[in-house]
2 protein chains.
Amino acid sequence: MPGEKGVKGVVIISGGLDSTILLYWALHQGYSIHALSFDYGQRHGKELKCARKTCRNLGVKHLVVDISGIRELLASSALTNHGIEVPEEHYTHESQKITIVPNRNAIMLNIALGYAVNIGAEKVFYAAHYNDRAIYPDCRWEFVESVNVTAKLACDNPRLEVVAPFVHKTKAEIVALGRELGVPFADTWSCYKGGEKACGVCGTCRERIEAFQINGLRDPLEYEIEVEW
Amino acid sequence: MPGEKGVKGVVIISGGLDSTILLYWALHQGYSIHALSFDYGQRHGKELKCARKTCRNLGVKHLVVDISGIRELLASSALTNHGIEVPEEHYTHESQKITIVPNRNAIMLNIALGYAVNIGAEKVFYAAHYNDRAIYPDCRWEFVESVNVTAKLACDNPRLEVVAPFVHKTKAEIVALGRELGVPFADTWSCYKGGEKACGVCGTCRERIEAFQINGLRDPLEYEIEVEW
């Protein structure tokens, strides 16, 4: 996708690795960006602090939308129900099933699409990536394609579009892109547990560590466990 | 659609005429129903009171989800931005454009779909109807069909479905159905203005009055203007 200078877009940023790199990428492509984050009562609220810091550093307008009212409805997931343990296993479908918040990404995308219409933006940038494919159905390209048909119909706007440039990229490829773009990785947060340091053992920590290792990089984040870089 | 006794479903109820009749219809079909309403900072909060009353009377479990956090994002509509006047004209595309809350119904449907997954329900009942077709793109059958493809993908559940039995019905036909089902019309609210009595002149009041008139019925609601029944 070539740079489309000045075209307005909304980046959904969690404060994690992927969506932060996505924001840098979208700005690098020349889009005029508004950033949007969601507070849905997630356990890892530290992510939101990272999102705020990144947007402040980049001078990007940033809104945090409180949708914690939906928490009660979707409370079967370990990410929103603090009574359920986050699994400390490798990042596979079976181990991570408990972290699925049903239809979460569709909800966030649809709010972002409404916001885009409201500010006259045509694009919503979404950081779904290939590693999530097996676990989260709403991170798959076929979901993104379908959302795009629905969004155009819902808003009667054939130019409205969800753009997911990482949907076929692995986490390691995204980290490589982040390095190219000079993203300060220390300002991102991935750990599902939200402690002082990253736990290093939950699925998303393991995945993050591996992505840095594949690139021969050292993650600047502090971990509770000793990691061999 | 035949009754599917005991199949669990979620009815999205605003407290207006159509969604209240929909709830009666779904119960009559034999579904086991949870009702869901949304508080999105709408001007006509009186609707929500009606929804609560109806569910209490029917003994239906009812949740009201606060999504007023999205109001700021979608604030270009007269329904959510109290600084914009509700148009006092007939119910046409041009006059009602200002009441479009961008992507609102897609947002509500997707939250309801997440809730459905969470409680093991397969159906989300949605009161979109034919009169809204010209004005609100997210009330059209092609939108509903597309949402259904997206929802199955998003939740990896081929049985999950939005059911919109009124999508080809006019408001007058829905009122006729409501009479058949014995719906207490006095417990519904349509007026966009949310005053003590219904204003009788906003688009939705005009449409409601006409639907009763076509059926030779008198609306039990009190109106600020004199209506010939």
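Keep in mind that this is a model prediction, so the values were computed, not measured.

## Topic: the interface of chain A and chain B
When the parts of a complex come together, some accessible area is lost, and that lost area is often used as the size of the interface.
Okay, so step 1: If you look at the interface, chain A gives 34 residues, while chain B gives 34 residues.
Okay, so step 2: At the level of elements, β3 (61–66), α4 (104–119) and α5 (141–155) of chain A are the ones that each hand at least two residues to the side of chain A that touches chain B.
Okay, so step 3: Sorting elements by how many residues they give to the side of chain A that touches chain B places α4 of chain A first, with 10 residues.
Okay, so step 4: For the side of chain A that touches chain B, the per-class residue count stands at 20 nonpolar, 8 polar and 6 charged.

## Some words on the relation of the copies chain A and chain B
Okay, so step 1: Laying chain A over chain B is done by rotating through 180° and shifting 0.0 Å along the axis; what remains is an RMSD of 0.0 Å. What the superposition gives is, in effect, a two-fold axis relating one chain to the other.
Okay, so step 2: A shared binding surface is used by both copies, with 100% of the interface residues of chain A retained as interface residues in chain B.

## Here's the deal with unusual backbone geometry
Residues and elements named next belong to chain B.
Okay, so step 1: One non-glycine residue with positive phi stands out, namely Asn103, at about 65°.
Okay, so step 2: As for its placement among the helices and strands, Asn103 is situated in the loop between α3 (93–96) and α4 (104–119).
Okay, so step 3: We classify Asn103 as buried; it has 30 C-beta atoms within 10 Å.
Okay, so step 4: Positive phi outside glycine occurs at Asp156, with the angle close to 50°.
Okay, so step 5: Among the secondary structure elements, Asp156 is positioned in the loop between α5 (141–155) and β5 (161–163).

## Focus on the sheet that holds strand β4 (residues 123–125) of chain A
All names here are of chain A.
Okay, so step 1: The parallel open sheet is built from 5 strands, whose spatial order is β3-β2-β1-β4-β5. Edge positions in the sheet fall to β3 and β5 (161–163), since each of these pairs with one other strand and no more. Ignoring which end each strand starts from, the neighbouring axes of this sheet average 25° apart.
Okay, so step 2: Judged from the 6 bridges that link them, strand β2 (residues 32–39) and β3 form a sheet pairing that is parallel. Bridging across to β3, His34 finds its partner in Lys61.

## Describing helix α6 (residues 171–180) of chain B
Residue and element names in this part refer to chain B.
Okay, so step 1: Three or more residues of α6 are buried, namely Lys171, Ile174, Val175 and Gly178. For α6, the angular spread of buried residues about the axis comes to 100°, placing them on one side.
Okay, so step 2: At the C-terminal side of α6, Gly182 shows a positive phi close to 70°.

## Remarks on the sheet that holds strand β3 (residues 61–66) of chain B
Residue and element names in this part refer to chain B.
Okay, so step 1: Judged by pairing direction, the sheet is parallel, and its 5 strands sit side by side in the order β3-β2-β1-β4-β5 without closing on themselves. Whereas interior strands pair on both sides, the edge strands pair on one side only; in this sheet they are β3 and β5. Put simply, the sheet's adjacent strands are angled 25° from each other on average, direction ignored.
Okay, so step 2: Sheet analysis places strand β4 (residues 123–125) next to β5, joined by 3 bridges and oriented parallel.

## A word on the nonpolar core
Within soluble globular proteins, side chains that are nonpolar tend to cluster in buried spots.
Okay, so step 1: Residues Ala112, Val124 and Tyr126 of chain A together with Ala112, Val124 and Tyr126 of chain B are the most contacted members of the largest nonpolar core, which totals 138 residues.
Okay, so step 2: Ala112 of chain B has contacts with Val10, Ile12, Leu36 and Val124 of chain B, leaving out every residue within four places of it along the chain.

## Regarding the environment of Leu160 of chain B
Residue and element names in this part refer to chain B.
Okay, so step 1: Note on placement: Leu160 falls in the loop between α5 and β5.
Okay, so step 2: Separated by 37 residues in sequence, Leu160 and Lys123 have C-alpha atoms that sit 6.0 Å apart.
Okay, so step 3: Non-local contacts of Leu160, meaning those with residues more than four positions away in its chain, are made with Leu113, Ala116, Val117, Glu122, Ala151, Lys152 and Cys155.

## Side note on the packing of helix α1 (residues 17–28) of chain B against α6 of chain B
Residue and element names in this part refer to chain B.
Okay, so step 1: Across the interface, α1 lies against α6 with an axial gap of 10 Å and an inter-helix angle of 45°. In terms of orientation, α1 and α6 fall into the oblique class. Crossing handedness for the pair α1 and α6: left-handed. Of the residues in α6, those in contact with Asp18, Ile21 and Trp25 of α1 are Ile174, Leu177 and Gly178.
Okay, so step 2: Counted by class, the contact of α1 with α6 contains 4 nonpolar, 1 polar and 1 charged residues.

## A word on the packing of α4 of chain B against α5 of chain B
Residue and element names in this part refer to chain B.
Okay, so step 1: Here α4 crosses α5 at 40°, and the two axes come no closer than 11 Å. As the angle between them shows, α4 and α5 are arranged oblique. Pair α4 / α5 crosses with right-handed handedness. For the pair α4 and α5, contact is made by Ala106, Leu109, Leu113 and Val117 and by Val147, Ala151 and Cys155, respectively.
Okay, so step 2: Across the contact of α4 with α5, the residue classes tally to 7 nonpolar, no polar and no charged.

## Re the environment of Met108 of chain A
Residue and element names in this part refer to chain A.
Okay, so step 1: Here Met108 is to be found in helix α4.
Okay, so step 2: A C-alpha to C-alpha distance of 9.8 Å links Met108 and Tyr126, two positions 18 residues apart in sequence.
Okay, so step 3: Every residue in contact with Met108, bar those within four places of it in the chain, is listed here: Ile12 and Phe38.

## With respect to the confidence of the model for chain A
Okay, so step 1: Put simply, chain A has an average pLDDT of 89, and 86% of its residues get 70 or more.
Okay, so step 2: Reported for the predicted complex are a pTM of 0.89 and an ipTM of 0.87.

## So, the environment of Ile209 of chain A
Residues and elements named next belong to chain A.
Okay, so step 1: Tracing the sequence through the fold places Ile209 in helix α7 (residues 203–214).
Okay, so step 2: On the basis of neighbour counts, which here come to 21 C-beta atoms within 10 Å, the residue Ile209 falls in the buried class.
Okay, so step 3: Apart from residues lying up to four places away in sequence, Ile209 is in contact with Gly200, Asp219 and Val227.

## Quick word on α7 of chain A
Residues and elements named next belong to chain A.
Okay, so step 1: The first and last C-alpha atoms of α7 sit 17 Å apart over 12 residues, in line with the 16 Å expected at 1.5 Å per residue.
Okay, so step 2: Those residues of α7 that fall on the buried side of the exposure criterion are Gly203, Thr204, Cys205, Arg208, Ile209, Ala211 and Phe212.
Okay, so step 3: Two residues or fewer past α7, Gly216 is found with a positive phi of approximately 65°.

Cut-offs used in this document
- Counting restarts for each chain, with residues numbered from 1 along the sequence as it is written.
- Each chain is given a letter, starting from A, and each ligand a number, starting from 1, according to the order in which they appear as written.
- Under the rules for a predicted model, residues below a pLDDT of 70 receive no local features and side-chain atom pairs below 80 are neither given nor counted, while totals for whole chains, interfaces and linings still include all residues.
- For every residue pair, C-beta atoms are placed from the backbone, and the pair is scored as a contact if these atoms sit within 7 Å.
- In this description a helix means any DSSP run of H or I spanning at least four residues, a strand means any run of E spanning at least two, and both kinds are numbered starting from the N terminus.
- In the scheme used here, Gly and all other residues not listed as nonpolar or charged are polar, with Ala, Val, Leu, Ile, Met, Phe, Trp, Tyr, Cys and Pro taken as nonpolar and Asp, Glu, Lys and Arg as charged.
- Only residues with pLDDT of at least 70 in both copies contribute their C-alpha atoms to the least-squares superposition of the copies.
- Residues with at least 20 neighbouring C-beta atoms inside 10 Å of their own are called buried, those with 12 or fewer are called exposed, and the rest are partly exposed, where every C-beta is derived from the backbone.
- DSSP calls a pair of strands paired once it identifies at least 2 bridges connecting them.
- Only C-alpha atoms enter the line fits that serve as axes; for helices the fit covers just the stretch in contact. Angles between N-to-C directions range over 0 to 180 degrees.
- Working note: the arc is built from the helix axis to C-beta atom directions.
- Linking buried Ala, Val, Leu, Ile, Met, Phe, Trp, Tyr and Cys residues through C-beta atoms within 7 Å yields a set, and such a set is a nonpolar core.
- Working definition: roughly parallel below 35 degrees, roughly antiparallel above 145 degrees, roughly perpendicular at 65 to 115 degrees, and oblique for all remaining angles.
- Crossing handedness: left-handed means the near helix sits turned counterclockwise from the far one by under a right angle, and right-handed means the same turn made clockwise.
- Every residue carries a pLDDT, the predictor's confidence in it, which falls somewhere between 0 and 100.
- Expected span of a helix: the number of residues minus one, times 1.5 Å.

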